[in-house]
Amino acid sequence: MSAVAFLPMYAVRGAQAHADALWNCLRDAIRNRGIDAPERLAHFAPRLEGWLHPDLILGQTCGLPFITKLCSAVELVGTPDYGVEGCPPGFYHSTLVASAADPRMQLSEFSGCTLAINGKDSQSGYGAMMFAAAPYARGGRFFARAIHAGSHEASMRLVARGLADIAAIDSVTWRMSRRFDPETPDLKAIGTTEPAPGLPFIAAAGKPAAKLLDAVKTGITALPEASRQAFGLRDVLPFQKRDYEVIMTNLAQAESVHSLPEMEEIPAALSP
């Protein structure tokens, strides 16, 4: 079978040209090391099928599914550094986002509110928020309602339209959305969560992880300056599986304190 590449994590509306430029640079660097790489990126739904594809030559996943479902079945290539303010190299956090018209400015003020969440398989949208809200939970609850948005983009639109009160958005996605997505001016940041290891690059089991790490480093170096700035992408670092265990530890601690109510789906008439 032919090699597959799957990089779904920062497909921000309005930034497709930069995503294409990134893959072109990564693809050429991989091929220059004698490794087969596809001309174009693949798309998978559900995403787990892409991350576990037996011919995955390069993928990017979230730290939560990586440490809970993927790490024993894939190669960890490395962790990108997006230069997130307030985080060590290779780390990121989530930005807590509310409507610009909402007078509340601290997470503790949102007790009993409605959360928009991209999915419970997301460190940035779920794990980070659960850990941040745990100190303010009472009786096993902090949020009164939770709406399953399916993506950070949809979560932001629900908050901007007043259909949810708050969401935790990957800070790289938030930074890019503020630049490229015209609807984010209706939102404001009220804080950030604890830093966590960034979204890892992976490959199928048995793929040459060390060569791929070197190729990704070269590809990032070759990225046009406009695209480098669009992502804030600086480097890729040789993180290890153990670096991601803090994600699982923090989530277990948070879930021992509080849980979400049953998640609601977005009504079709209100879908962003």
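Presented here is an overview of the structure given in this document. Please read these numbers as outputs of a predicted model, since none were measured by experiment. (Residues numbered from 1 in each chain as written. Predicted model: local features only at pLDDT ≥ 70, side-chain atom pairs only at ≥ 80, totals over all residues. Heavy atoms only, no water.)

**What to know about the pattern of salt bridges**
It is possible for side chains of opposite charge to pair when their charged atoms get near one another. We apply this condition: Salt bridge, as applied in this entry: a Lys or Arg side-chain nitrogen positioned within 4 Å of an Asp or Glu carboxyl oxygen. Secondary structure elements follow DSSP: runs of H or I no shorter than four residues count as helices, runs of E no shorter than two count as strands, and numbering proceeds from the N terminus.
Summed over the entire model, instances satisfying the criterion amount to twelve salt bridges. Here arginine 145 and glutamate 264 are joined by a salt bridge, their closest N and O atoms 2.7 Å apart. With a gap of 119 residues between them, arginine 145 in strand 7 (residues 145-148) and glutamate 264 in strand 13 (residues 264-265) connect regions that are remote in the sequence. Taking the shortest distance from any N to any O, the salt bridge between arginine 157 and glutamate 153 comes out at 3.9 Å. Of this pair, arginine 157 and glutamate 153 both sit in helix 5 (residues 152-160), four residues apart, which is roughly one turn of that helix.

**Side note on empty space enclosed by the protein**
What counts here: Method remark: on a 1 Å grid restricted to protein atoms, a set of points is classed as a cavity if a 1.4 Å probe fits but cannot get out and as a pocket if it is open with protein on both sides within 12 Å along at least five of seven lines; lining residues have an atom within 4 Å of a point. Grid points are joined across faces, edges and corners, and a volume is the space filled by probe spheres set on the points.
All told, the structure shown has two cavities of 30 Å³ or more when counted by the stated rule. Gln123, Ala128, Phe131, Glu194 and Asn250 are, among the 13 residues lining the largest cavity, the residues nearest its centre. Every element with two or more residues in the lining of the largest cavity is listed here: helix 4 (123-133) and helix 9 (245-255). For the lining of the largest cavity, the element with the highest residue contribution is helix 4, accounting for five residues.

**Here we look at the sheet that holds strand 11 (residues 201-204)**
For clarity, the threshold we go by: Should DSSP find at least two bridges between two strands, the strands are taken to pair. Helix axes are fitted only over the stretch in contact, all axes being lines through C-alpha atoms; the angle between N-to-C directions runs from 0 to 180 degrees.
One open sheet accounts for five strands, arranged 1-2-11-3-12; its pairing is mixed. The strands lining the two open edges of the sheet, one partner per strand, are strand 1 (4-6) and strand 12 (235-237). Across this sheet, the average inter-strand angle for adjacent strands is 25 degrees, counted without regard to direction. Sheet topology note: the strand 3 (residues 74-81)/strand 12 ladder contains three bridges and is antiparallel. Looking at the pairing, aspartate 81 lines up with aspartate 235 of strand 12.

**Concerning the layout of surface pockets**
The test is simple: Amino acid classes used here: Ala, Val, Leu, Ile, Met, Phe, Trp, Tyr, Cys and Pro are nonpolar; Asp, Glu, Lys and Arg are charged; the rest, including Gly, are polar.
When its volume is computed, the largest pocket comes out at roughly 890 Å³. Around the largest pocket, the lining comprises 43 residues; the ones closest to its centre are Pro8, Met9, Tyr10, Ala11 and Val12. Ranked by the residues each element gives to the lining of the largest pocket, the list is headed by helix 1 (residues 16-31), at six residues. Across the lining of the largest pocket, the residue classes tally to 21 nonpolar, 13 polar and nine charged. Considering only enclosed or pocket space, the second largest pocket measures out at about 160 Å³ in volume. Every residue lining the second largest pocket is listed: Gly83, Val84, Glu85, His93, Thr95, Ser171, Trp174, Arg175, Arg178 and Thr192. Per-element accounting of the lining of the second largest pocket gives the leading share, four residues, to helix 6 (residues 171-180). A per-class count over the lining of the second largest pocket returns two nonpolar, five polar and three charged.

**What to know about the packing of aromatic side chains**
What counts is decided by this rule: Here a Phe, Tyr or Trp ring, Trp counted by its six-membered ring, pairs with any other such ring whose centre lies within 6.5 Å, and the pair is stacked when the planes are under 30 degrees apart, edge-to-face when over 60, and tilted otherwise. Three labels apply to residues, based on accessible area from a 1.4 Å probe with only protein chains included: buried if under 20% of the type maximum, exposed if over 50%, partly exposed otherwise in between.
What the rule picks out here adds up to eight aromatic pairs. Their ring planes at 80 degrees and their centres at 5.2 Å tell us that phenylalanine 6 and phenylalanine 44 sit as a pair that is edge-to-face. Of this pair, phenylalanine 6 sits in strand 1 while phenylalanine 44 sits in the loop between helix 1 and helix 2 (47-51), and the two are 38 residues apart along the sequence. Pairing phenylalanine 6 with tryptophan 51 gives two aromatic rings, centres 6.3 Å apart and planes at 50 degrees, and the pair type is tilted. Pair noted here: phenylalanine 6 is in strand 1 and tryptophan 51 is in helix 2, with a separation of 45 residues, a long-range link. For phenylalanine 6, a relative accessible area of 2% translates into the label buried. With relative accessibility at 2%, the residue tryptophan 51 sits in the buried group. One aromatic cluster is present, built from ring pairs that chain together Phe66, Phe91, Phe239 and Tyr244.

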